[in-house]
Every structure is written in structure tokens, then in C-alpha cells.
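Chain and residue survey
For reference, the chains in residue letters:
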Amino acid sequence: MADRPETLIQHLAEETHDRAAVVPPIYQTSLFAYEDVASFRRSFRTDEPDVHNYSRVSNPTLDVAEKKVAALEGTDRCKLFSSGMAAISAAILSCVKTGSHVVCVDTVYGPTRQFLTDYLPKFGVTTTFVDGRDPADFVAATTDATSLYYLESPSSILFRLQDLEAVAGIAKSRGISTICDNSWASPVYQQPAKFGIDIVVHSATKYLAGHSDVVAGALCTDAKRFDKILENEVSLLGAALPPFPAWLLMRGLRTLPIRLKAVGEAATRVSACLRSAPEVAEVFYVGDSEYPQAALRDKQLLGSTGLVTFLPVTQEEAKVIAFAEALRLFQLGVSWGGHESLVVPLQQQPGDWPKRQWLVRLYCGLEHPDDLVEDIQQALHHLA
Ligand SMILES: *Cc1c(COP(=O)(O)O)cnc(C)c1O
């Protein structure tokens, strides 16, 4: 099997169904029945990848997509979940116990932060948030109780990077687990496991499924961790992805490399347009030549994708809102990674900023880049 992502996505794990059909079927079944007790008993073994017992734990439709995503990430196994947060909470829970301490990047996805700050303390799990652009931030925050470093690189909204290899090395020498949210890059542009990260998580709602019609998550890791997570967090918390959305995810995955290239090109055009606009104070775009962590970017990432955030010169709320509302192609909405361009005006204050600032986050979709640039140009005067 060729391991280039474009080819692997089309061919890997397709042998699990009738070879005459070029598209795997949807196994819309909750359970699997057996003819003898020996086979029935074998179906309970979670370490038997192609044997199924109950769709809360595994299903052949999910298998196809899971094998492709695991191969793309370069990990032994992948499990799909009913949302990115289901995968993230399962991954985190697999690495903590009462009294554990977590070190996490402060520009992490909002609900991940909330899970760590508002939910886990009731089990005695505490978290320290660090900037994370310097690996020494993790060392400084580590205590005797630290069991997990939680990374998101590039991180949400401001797209800050962590040095995955350095942080994974620090963690390994101290017996600390590492998780990296890889939603921004997708495995086509970044494979955190290659740098030593233990567990890779995704909001598959974003690029992996890619058409704004599925909410899903993915967790990728080595066989040993996987078996434990399957027995515990997958089976007991029960956030299984149903077969039909898994099939949609697999279909979306077919075009992942092509979509990433297209949205990356659109975002490059949009960020250049914003950079030359007098109404814009700062542009946050990983693909820019002026991106402050360019050396680390070039080490870890193979490409840049569709998200661009900017800091408007004006901090007047009414003007920022007027700009967002004046856009015609960028729709006002959360999420990203689908076919359609989106805009979110939001306020943010990472640890190193003296005050909360208005930002505009844009997701560049699959429309023609000229049209996206024109749309921004016709709306910019609202920021004057
Ligand atoms: C959207 C998102 C999530 C959460 O995923 P859901 O599928 O919405 O649960 C996690 N991490 C990042 C970086 C995201 O953008």
C-alpha cells in the first residue's frame, strides 16, 4: 500500500467489504450476532480489531475511516467519537486520576479549557495554563503530580505553536503523557506522533469530515494505550459515532488533501489583502512569511490551512460588528473546516496581552479566492 496520503485515503481498508462495490456500505446495525458461542465470546475481545460485538464499541463502517485516519497520523490505531469534545475528554480522562495536575497551553480551544478548569477540579484534577511557545514553560509549571501536558499546535484563534518534539521529550523523561489537538493542521500537514506525542485528538467536524454536515471526533494512539482507552473511556463513557456520520466522514476524507490545498491558497490571498489594509493592526496567519514562529512552522507543518485572524486598528465594538455583518460570503458562525467561509468577531486576552482585544477570525472556504478577497475589501471601510 502506497503511504502517500492522497493514495492511502482512497485505498486503505477498502478490502473489508464486497470488492465489486467501490464505496463501503453503511453497517446500520447496533449489534452483531454469531453462530456459535466460541465466536460470540471472541467478539467481546476489544483487542480483535476486525471482530465486532456492539456498535457502542466498534462497527465496520467506522473501521474503514478509523484505519485511514490512523495510517494518516502514523499511529497504530484510531477511534472515532461522536464529537471532538468526546474524543478530547476521553483522551484527557485516560491520563489523569484524583490529585493529578495538567499543564495546558493558554490559547487552547475554549471548551477544552472549560473541561480542565470547570469540570475536572471536582475530581481533584487541577491545571496550570502556560504560553507554551517556549518548551521551558512546561518544565516550569511541572509539579510532582503532573501527569499530562495538553498541547494544541497551532492553537485556537491566535495559532501559536508548541515545539512538539521538545515538549514530548521533556514529558517522556518525566513519565508524563502528552496529548496534541491536531484539528488545525489535519494529519496531512502534521503528524504529532512522529515527534513523540502520545495521543493525537481531532475535531473531525472540521477538516476530516470537511462539509459542515457531521459532528465527530478522533483519537489516535499506540496499540497499548488504545486497548485501555477502548475498554474504559470508549466503552464506559459511550460517546460512539453512529455509522452514518462515520460514512459521511469517510466520504469527506477522500478529498481532504485537495480541500486543504484550496483553503490554504484562499487564506494566503485573504491574509495578504488584510496585511495591506490600513484598518488592520495585525494579522495572525501561519502561512505568512512574517509569521513569528516560521522556523518551528517549517519543521513541524507541511502546509497552512484556511484560518486567518486579525486585530483591527479600531477596538470599537460597533465597528467590528458592522464589518462582520457587511460580509456577504463569509457567514457569521462558529466552527470551520467545511465548504463555506465563516466569520466570528470575538474578544480575547491571552496571558501575555495587557487587555482584552477585539479580533476577527475568518475561515476561508472553497469559494473562489478572488470573490473572498473582494468581499473583505467591500466591507473593510466599516472598520475605518
Ligand atoms: C471545534 C474544535 C474542537 C471541538 O470539536 P467538536 O467536534 O466541536 O466537539 C476541539 N478542538 C479544536 C481546535 C476545535 O476547533
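Residues numbered from 1 in each chain as written. Predicted model: local features only at pLDDT ≥ 70, side-chain atom pairs only at ≥ 80, totals over all residues. Heavy atoms only, no water.

1. With respect to the overall build of the protein
Operational definition: To qualify as a helix, a DSSP run of H or I must reach at least 4 residues; to qualify as a strand, a run of E must reach at least 2; elements of each kind are numbered from the N terminus. As defined in this context, the radius of gyration uses C-alpha atoms, and a globule is described by 2.2 Å times the residue total to the power 0.38. Residue burial is assigned from relative accessible area. The probe radius is 1.4 Å, only protein chains are included, and a residue is buried under 20% of its type maximum, exposed over 50%, and partly exposed in between. The contact definition used throughout considers only heavy atoms, calling two residues in contact when any of these lie within 4.5 Å. Note on areas: Shrake-Rupley with a 1.4 Å probe; residue coverage comes only from the protein chains shown. Only four residue types enter the charge count, namely Lys and Arg as positive and Asp and Glu as negative; His and the chain termini do not. One atom stands in for each charge, and that atom is NZ of Lys, CZ of Arg, CG of Asp or CD of Glu.
Of the regular secondary structure elements, the protein holds 14 helices and 12 strands. Taking 2.2 N^0.38 as the reference for a compact globule, 384 residues should give roughly 21 Å; the C-alpha atoms of the protein span a radius of gyration of 21 Å, in line with that estimate. Judged by the C-alpha coordinates and their principal axes, the protein covers about 75 × 55 × 35 Å. Out of the 384 residues belonging to the protein, those deemed buried represent 56%. Taking contacts inside the protein between residues at least 6 apart in sequence as the whole, the part at least 24 apart equals 71%. As displayed, the protein has an accessible area near 16,400 Å², and 54% of this comes from carbon and sulfur atoms. In the protein, which carries 35 positive and 46 negative side-chain charges, the distance between the mean positions of the two groups comes to 3 Å.

2. Comments concerning the pattern of salt bridges
One side chain can pair with another of opposite charge once the charged atoms of both are near each other. Spelled out, the test is: Should a side-chain nitrogen of Lys or Arg be within 4 Å of a carboxyl oxygen of Asp or Glu, the pair is scored as a salt bridge.
For the coordinates displayed, the defined rule picks out 19 salt bridges. Between Arg133 and Asp131 there is a salt bridge, with the nearest N and O atoms lying 2.7 Å from each other. Note that Lys319 is salt-bridged to Glu316, the shortest N-O span being 3.6 Å. Classification of Glu316 by relative accessible area gives partly exposed; the value is 44%. Residues participating in the shared-partner salt-bridge network are Asp131, Arg133, Arg160 and Asp352.

3. Let's talk about the sheet that holds strand 5 (residues 177-181)
Applied cut-off: The criterion for strand pairing is that DSSP finds at least two bridges linking the strands in question. Helix axes are fitted to C-alpha atoms over the stretch in contact, other axes to C-alpha atoms as well, and angles between N-to-C directions run from 0 to 180 degrees.
With respect to topology, 7 strands assemble into an open sheet ordered 1-7-6-5-4-2-3, the strand pairing being mixed. Strand pairing shows two members of the sheet lacking a second neighbour, strand 1 (77-81) and strand 3 (126-130), which therefore form its edges. On average, adjacent strands in this sheet sit at an angle of 20 degrees to one another, irrespective of strand direction. Pairing geometry for strand 1 and strand 7 (residues 217-221), over 5 bridges, is antiparallel. Pairing of Leu80 across the sheet is with Ala218, part of strand 7. Sitting on the sheet, helix 4 (residues 84-93) touches strand 1, strand 4 (146-152), strand 5, strand 6 (199-203) and strand 7, and the angle it makes with strand 6 is about 160 degrees. Across the sheet, helix 9 (residues 223-237) touches strand 1, strand 5, strand 6 and strand 7, and the angle it forms with strand 1 is around 25 degrees.

4. Here's the deal with the domain arrangement of the protein
Test applied: Domain borders in the structure are assigned automatically or taken from a domain database. Reported buried area values correspond to the accessible surface (1.4 Å probe) lost by two parts on association, with both partners' losses combined. Two N or O atoms form a polar contact when they lie within 3.5 Å of each other; inside protein one atom must be a possible hydrogen donor and the other a possible acceptor, and for residues adjacent in sequence the pair counts only when both atoms belong to side chains. In this classification, the charged set is Asp, Glu, Lys and Arg, the nonpolar set is Ala, Val, Leu, Ile, Met, Phe, Trp, Tyr, Cys and Pro, and all remaining amino acids, among them Gly, are polar.
Structurally, the protein comprises domain 1 (5-253) and domain 2 (256-383). Computed from C-alpha coordinates alone, the two centres of domain 1 and domain 2 are separated by 27 Å. Taken together, the contact between domain 1 and domain 2 spans 35 residues of the former and 38 residues of the latter. At the boundary of domain 1 with domain 2, total buried surface from both sides reaches about 3,200 Å², with 61% on carbon and sulfur atoms. When the buried area of domain 1 at its contact with domain 2 is split by residue, Ile157, Tyr189 and Tyr207 rank highest and sum to 27% of it. Along the contact surface separating domain 1 from domain 2 lie 4 salt bridges. In this structure, the salt-bridge partner of Asp352 is Arg160, at a minimum N-O distance of 3.1 Å. Inspection of the domain 1/domain 2 interface yields 17 residue pairs in polar contact (both at pLDDT 80 or more). Counting only elements with at least two residues in the side of domain 1 that touches domain 2, the list comes to helix 1 (5-11), helix 7 (164-173), helix 8 (186-189) and helix 10 (243-253). Class assignment for the residues of the side of domain 1 that touches domain 2 results in 16 nonpolar, 11 polar and 8 charged.

5. Looking at the site of the ligand
Applied cut-off: By convention in this text, a residue qualifies as near a molecule or strand provided that one of its non-hydrogen atoms is within 4 Å of it.
Around the ligand, the surrounding shell holds 14 residues, and the nearest of these are Gly84, Met85, Asp181, Thr205 and Lys206. Asp181 is positioned such that a nitrogen or oxygen atom in its side chain is 2.6 Å from a nitrogen atom of the ligand. Within the side chain of Ser203, one N or O atom sits 2.9 Å away from an oxygen atom of the ligand. Within the complex, the protein chains bury 89% of what would otherwise be the 380 Å² of accessible surface of the ligand. Broken down by class, the residue content of the shell around the ligand amounts to 5 nonpolar, 6 polar and 3 charged.

6. Concerning helix 7
Given 3.6 residues per turn, any residue in an α-helix points the same way as the ones three and four places further on. Stated formally: The directions considered for the arc run from the helix axis to the C-beta atoms.
For helix 7, the complete set of buried residues consists of Leu164, Val167, Ala168, Ile170 and Ala171. Projected down its long axis, helix 7 shows its buried positions confined to an angular sector of 160 degrees, all on one face. Among the exposed residues of helix 7, those pointing more than 90 degrees away from its buried face are Lys172 and Ser173. Packing partners of the buried residues in helix 7 comprise helix 6 (136-141), strand 4, strand 5 and helix 12 (294-300).

7. Details of the environment of Val215
Position of Val215 relative to the elements: it lies in the loop between strand 6 and strand 7. Linking Val215 and Gly84, residues 131 residues apart in sequence, is a C-alpha distance of 7.6 Å. What Val215 contacts, discounting residues up to four positions off in sequence, is Ser82, Ser83, Thr205 and Leu241.

8. Points about the environment of Asp163
Mapped onto the elements, Asp163 comes out in the loop between strand 4 and helix 7. Along the sequence, Asp163 and Arg297 sit 134 residues apart, while their C-alpha atoms lie 9.1 Å from each other. Residue contacts for Asp163: discarding those within four places in its chain leaves Pro135, Leu296, Lys299 and Gln300. Separated by 3.1 Å, the side chain of Asp163 and the backbone nitrogen of Ala166 make a polar contact.

9. Brief notes about the environment of Lys224
Structurally, the position occupied by Lys224 is in helix 9. Lys224 gets classed as exposed once you look at its relative accessible area, which sits at 66%. For Lys224 and Arg77, which are 147 residues apart along the polypeptide, the C-alpha to C-alpha distance reads 9.6 Å.

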